[in-house]
Amino acid sequence: MTVQLSGLWLSSPKIPIHFIQCPTSPSLDPKLSRTTVLSATASLSSPPPTIRIVGGKTPMWRDNENVDGAVEDEADWVEMDADLCYWTRALRPVQWYPGHIAKTEKKLKEQLKLMDVVIEVRDARIPLSTTHPQMDLWLGNRRRILVLNREDMISTADRNAWAMYFSKQGTKVVFSNGQLGMGTMKLGRLAKSLASGVNVKRRAKGLLPRPVRAGIVGYPNVGKSSLINRLLKRRMCPAAPRPGVTRELKWVRFGKDLELLDSPGILPMRISDQAAAIKLAICDDIGERSYDVADVAVILVQMLAKLPTVGMKALQNRYKVDVDGQCGKIFIEKVALRLFNGDIQQAAFRVLSDFRKGKFGWVALERPPR
């Protein structure tokens, strides 16, 4: 295995793999051990901005000529996670914690204490990567509804897998499309029903009933404000397809029975799981300034090439380039030469944009752990 750093070829550094939140499976076939079990001791003094990855688990470029009936093995997803952890080690860490998040996080935690029910919104393409590691601690025993937004951007198989996973956990899940309003009315009814006991207790104490208070929380750009606007059927909260648009807490009334709290996207101060951070970058759920577009596009290409429902052939057909190697960086370079006069940044942005618009089909980048 070799890694090309800043134009120099080095033999693969023997780096111990103790990734945070990077799952490996003890039941994996021994063939996979080359990826999941790497050991030794050397480290790199400074991470380079770009890497050329040749190796890890040898990428399996897939044909997608007959994706109907394609079966995705659990081992493929475990293998993908292991490869992704390896690929991200030499990259510049993805970190994004703008000032408005730091200012509002404390206020949000105070407001959550007043909530009857909390609606946590995640990106349906990456449900595990878009949950805050402190969310369970903040909510305690408070009633929670999980919303997987952008349902239209994943396949039916992805949807069914996640529905079954959260059902087994006893978590109430609503799949939604904030842009078109699908799932929003069901969400409103569920929020009211879960918090119906609030006014029963108030009446027993001789108090007047009040609207149910529901807080909507989640990572940046997962569609929180769009959901509220669809519920209200009017634009009450600023919304745009980029992170960081909502910067302040805002209460809005939904009829006489429900009050909703719109909140800015909340991220941990430091993202320790860099595999998850790369997925956030791919799905545009974190600020562009936090990552190198070319590095993220290289990893996206290698992920899509391993997915049975996409495969390398779909990438080659879309950009009309031939790939004779096993490296996403070579692919991006060829796209740049063909379409953008060698401009790597523009080529990388095009590939990322095409994925976000569903040009490779609607696919999730995560499947439930087993």
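The shown structure was predicted, so the numbers you read here are calculated from the model rather than taken from an experiment.

Caption draft 1: Quick look at the overall build of the chain. Of the regular secondary structure elements, the chain holds 13 helices and nine strands. Across the 370 residues that make up the chain, the buried fraction comes to 53%. For the chain, the share of sequence-separated contacts (at least 6 apart) that also reach a separation of at least 24 residues comes to 74%. A total accessible area of about 18,000 Å² is found for the chain, and carbon and sulfur atoms account for 51% of it.

Caption draft 2: How the structure looks around the pairing of strand 6 (residues 173-176). Burial along strand 6 is two-sided: V173 and F175 and V174 and S176, pointing in opposite directions, are all buried. One ladder, built from four bridges, connects strand 5 (residues 143-149) with strand 6; its direction is parallel. Its bridge partner lying in strand 6, V147 is registered against V174. In terms of handedness, the path from strand 5 via helix 5 (residues 156-168) over to strand 6 forms a crossover that is right-handed.

Caption draft 3: Structural context of the packing of helix 9 (residues 274-282) against helix 10 (residues 293-306). Taken N-terminus to C-terminus, the directions of helix 9 and helix 10 make an angle of 95 degrees; their axes are 10 Å apart at the nearest point. Taken together, the axes of helix 9 and helix 10 are roughly perpendicular relative to one another. Two secondary-structure elements touch here, helix 9 through I278, A281 and I282 and helix 10 through V296, I299, L300 and M303. When grouped by side-chain class, the residues that make up the contact of helix 9 with helix 10 number seven nonpolar, no polar and no charged.

Caption draft 4: Fine view of the environment of L148. Here L148 shows up in strand 5. Take L148: its relative accessible area is 0%, and that puts it in the buried class. Put simply, L148 and V121 are 27 residues apart on the chain and 6.0 Å apart in space, counted from C-alpha to C-alpha. In contact with L148, other than residues within four places in its own chain, are R122, A124, P127, W162, F166, V173, V174, F175 and S176.

Caption draft 5: Highlighting the packing of helix 10 against helix 13 (residues 344-356). The geometry of helix 10 relative to helix 13 is characterised by a closest axis approach of 8 Å and an angle of 50 degrees between their N-to-C directions. Viewed along their axes, helix 10 and helix 13 adopt a mutual orientation that is oblique. In this structure, helix 10 meets helix 13 at a crossing whose hand is left-handed. Touching V293, A294, V296, A297, L300, V301 and L304 of helix 10 are I344, Q345, A348, F349, V351, L352 and F355, all from helix 13. The residue makeup of the contact of helix 10 with helix 13, split by class, is 13 nonpolar, one polar and no charged.

Caption draft 6: Inspection of the sheet that holds strand 7 (residues 212-218) at higher detail. Taken in spatial order, the six strands of this open sheet run 6-5-4-7-9-8, and their pairing is mixed. Taken across any chain shown, the strands that pair with only one partner, and hence form the sheet edges, are strand 6 and strand 8 (250-254). Direction aside, the axes of adjacent strands within the sheet are offset by 25 degrees on average. Taken together, the five bridges between strand 4 (residues 117-123) and strand 7 define a ladder with parallel strand orientation. Its bridge partner being in strand 7, V118 is matched across the sheet by G215. Here helix 5 sits on the sheet and contacts strand 4, strand 5 and strand 6; the angle it forms with strand 6, its principal contact strand, is near 160 degrees.

Caption draft 7: Structural detail: the pattern of salt bridges. This structure, assessed with the given rule, holds 16 salt bridges. The shortest N-O distance in the salt bridge between K109 and E105 comes to 3.9 Å. With K109 and E105 both in helix 3 (residues 99-112) and four residues apart, the pair spans about one turn of that helix. On the basis of relative accessibility, which here comes to 34%, the residue K109 falls in the partly exposed class. Judged by relative accessible area, which is 14%, E105 ranks as buried. The closest approach of N and O atoms between R125 and D123, which form a salt bridge, is 2.8 Å.

Here is what the cut-offs are and how they apply
Residues numbered from 1 in each chain as written. Predicted model: local features only at pLDDT ≥ 70, side-chain atom pairs only at ≥ 80, totals over all residues. Heavy atoms only, no water. Helix = DSSP H or I, 4+ residues; strand = E, 2+ residues; numbered from the N terminus. Buried < 20%, exposed > 50% of the residue type's maximum accessible area, 1.4 Å probe, protein only. Contact = heavy atoms within 4.5 Å. Areas by Shrake-Rupley, 256 points an atom, 1.4 Å probe, with all protein chains shown as cover. Pairing = 2+ DSSP bridges. Right-handed = clockwise from strand over helix to strand, strands pointing away. Axes fitted to C-alpha atoms, helices over the stretch in contact; angles between N-to-C directions. Parallel < 35°, antiparallel > 145°, perpendicular 65-115°, else oblique. Nonpolar A, V, L, I, M, F, W, Y, C, P; charged D, E, K, R; others polar. Left-handed = near helix turned anticlockwise from the far one by under 90°. Salt bridge = Lys/Arg side-chain N within 4 Å of Asp/Glu carboxyl O.

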